[in-house]
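As a plain string of letters, each chain reads:
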Amino acid sequence: MPKLDIRLRTVASLINPQGDSSVVHGDIGSDHGGLLVSLLRSKRIAKGIAVENKSQPYENSCYALKGLSADVRFGDGLAVIEPGELTSLSICGMGAESIVKILEALPDRVPDYVVLQPNRQHELVRGWGLRNGFHLNEEQIAWGHWPYAVISLQRATDAMHDVSTPNDPAYADVDLEAALLFGPLIMKRWEPKFADRLREEQAYLQGLTKLDGDYEHRLHQIQKVLASHAAR
C-alpha cells in the first residue's frame, strides 16, 4: 500500500466516513494514484475513478491502479464523468480557483459528497459550498510542510444558496467573514496549534512595511478572531 503523506492521509480519512461498501469515488488530479490505491486496498471504496489531463500523471495512475477496481480517464475535470456516476469526489493539491472552476463547469456531475484540499484561498471553496447548497461536514488542518486545509461538504436539499445568510449550521455563532477564511469548525475547535499559527501570521503581517488590500483584510480578520477568543 502506498505511504500517504499527512495531507493525503487526512483526505482519505474524510472519504466514505459511513463505511458504505458501494462507494464509487472520483479523484481529479490524482497524479501518482496513491490516494485511490490506498482507498481501494483498505476497502474504503468499491471503485475508484482517476482523472488526469496530463500524459505523465495519467501514465503514473494507470501503472499504480493496474489490477484494482479502478478506471483512469484522460480529460479535463468532470468532463469524463457521467452524471450520477460518482458517490463522492476529491480534488486536492490545487489552488481554490482551479477547484471551483472544475466544480462549476459541470455541476450536474458533482456528487453529493466532496472532499477538497485547496492550497490557498480556502474561502473560495467554502463560498462555493454556500452558493451551491453544500453544508460543511468536516474541516481539518493537515500540519505538513504547510498547514493544509481539508474540507468535506455534503449536499443539503433544504439549503439556501446564499453566501451572505447561510443556513449551514456550521456557520452558526461565528463571524461569517472570518469563518470563510479560516473555517467555522476549525475556529470552534480552537486547537492550540491553530491559535499559534494565527499569532505567527499576525506577527509576520504586522512586520511587513506595506500591506496590500488582501493582506490588510486578512490581518484585520486574524486580529478580530484572536480578540474575540481572548474576550471569552
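Our subject is the structure listed above.
Keep in mind it's a predicted model, so treat the numbers as computed, not measured.

So, how was this worked out
Residues numbered from 1 in each chain as written. Predicted model: local features only at pLDDT ≥ 70, side-chain atom pairs only at ≥ 80, totals over all residues. Heavy atoms only, no water. Phe/Tyr/Trp six-rings, centres within 6.5 Å; stacked < 30°, edge-to-face > 60°. Buried < 20%, exposed > 50% of the residue type's maximum accessible area, 1.4 Å probe, protein only. Lys NZ or Arg CZ within 6 Å of the ring centre and 35° of its normal. Pairing = 2+ DSSP bridges. Helix = DSSP H or I, 4+ residues; strand = E, 2+ residues; numbered from the N terminus. Axes fitted to C-alpha atoms, helices over the stretch in contact; angles between N-to-C directions. Contact = heavy atoms within 4.5 Å. Core = buried A, V, L, I, M, F, W, Y, C linked by side-chain atoms within 4.5 Å. Salt bridge = Lys/Arg side-chain N within 4 Å of Asp/Glu carboxyl O. Polar contact = N/O pair within 3.5 Å; in protein donor to acceptor, adjacent residues only side chain to side chain.

**Observations concerning the packing of aromatic side chains**
No. 1: Following the criterion strictly, the structure yields three aromatic pairs and no others.
No. 2: For the ring pair Trp 128 and Phe 134, a centre distance of 4.8 Å and an interplane angle of 35° mean the geometry is tilted.
No. 3: When the ring of Trp 190 is compared with that of Phe 194, the centres are 5.5 Å apart and the planes differ by 90°; the resulting orientation is edge-to-face.
No. 4: You can call Trp 190 buried: its relative accessible area is 14%.
No. 5: The ring of Tyr 148 is capped by Arg 7, whose NZ or CZ atom sits 5.8 Å from the centre of that ring.

**Quick look at the sheet that holds strand 4 (residues 88-94)**
No. 1: As summarised here, the arrangement of the seven strands in space is 3-2-1-4-5-7-6, forming an open sheet in which the pairing is mixed. Looking at which strands have only one partner, the edges of the open sheet turn out to be strand 3 (70-74) and strand 6 (134-143). Between one strand and the next, the sheet's axes are offset by a mean angle of 15°, whatever the strand orientation.
No. 2: The pairing of strand 5 (residues 113-118) with strand 7 (residues 147-155) spans four bridges and is antiparallel. The residue bridging Leu 116 from the neighbouring strand is Ile 151, located in strand 7.
No. 3: Relative to the sheet, helix 4 (residues 96-105) contacts strand 1 (24-28), strand 4 and strand 5, its axis offset from that of strand 4 by approximately 150°.

**Digging into the pairing of strand 7**
No. 1: Relative to strand 7, strand 6 runs antiparallel, the two being bridged by nine bridges. Within strand 7, the residue paired with Leu 136 across the bridge is Leu 153.
No. 2: Once strand 6 ends, the chain turns through three residues before running back antiparallel as strand 7.

**With respect to the nonpolar core**
Proteins that are soluble and globular tend to have nonpolar side chains buried together.
No. 1: With 45 residues, the main nonpolar core has Ile 91 and Phe 182 as its most contacted residues.
No. 2: Contact partners of Phe 182, with chain neighbours within four places excluded, come to Arg 126, Met 187, Phe 194, Leu 198, Arg 218, Gln 221, Ile 222 and Val 225.

**Notes on the pattern of salt bridges**
No. 1: Throughout the structure, instances matching the rule amount to 13 salt bridges.
No. 2: Here Glu 201 makes a salt bridge to Arg 218, at a shortest N to O gap of 2.4 Å. One end of the pair, Glu 201, is in helix 8 (residues 192-206); the other, Arg 218, is in helix 9 (residues 213-230), with 17 residues separating them in the sequence.
No. 3: Residue Glu 201 is classed as buried on the basis of its relative accessible area, which comes to 18%.

**A word on the side chain of Arg 73**
No. 1: Take Arg 73: it is sitting in strand 3.
No. 2: The class of Arg 73 is buried, set by a relative accessible area of 18%.
No. 3: A polar side-chain atom of Arg 73 sits 2.8 Å from the main-chain carbonyl oxygen of Val 80.
No. 4: Among all residues touching Arg 73, those that are not within four sequence positions of it are Ile 49, Ala 50, Val 51, Glu 52, Tyr 58, Val 80, Ile 81 and Glu 85.

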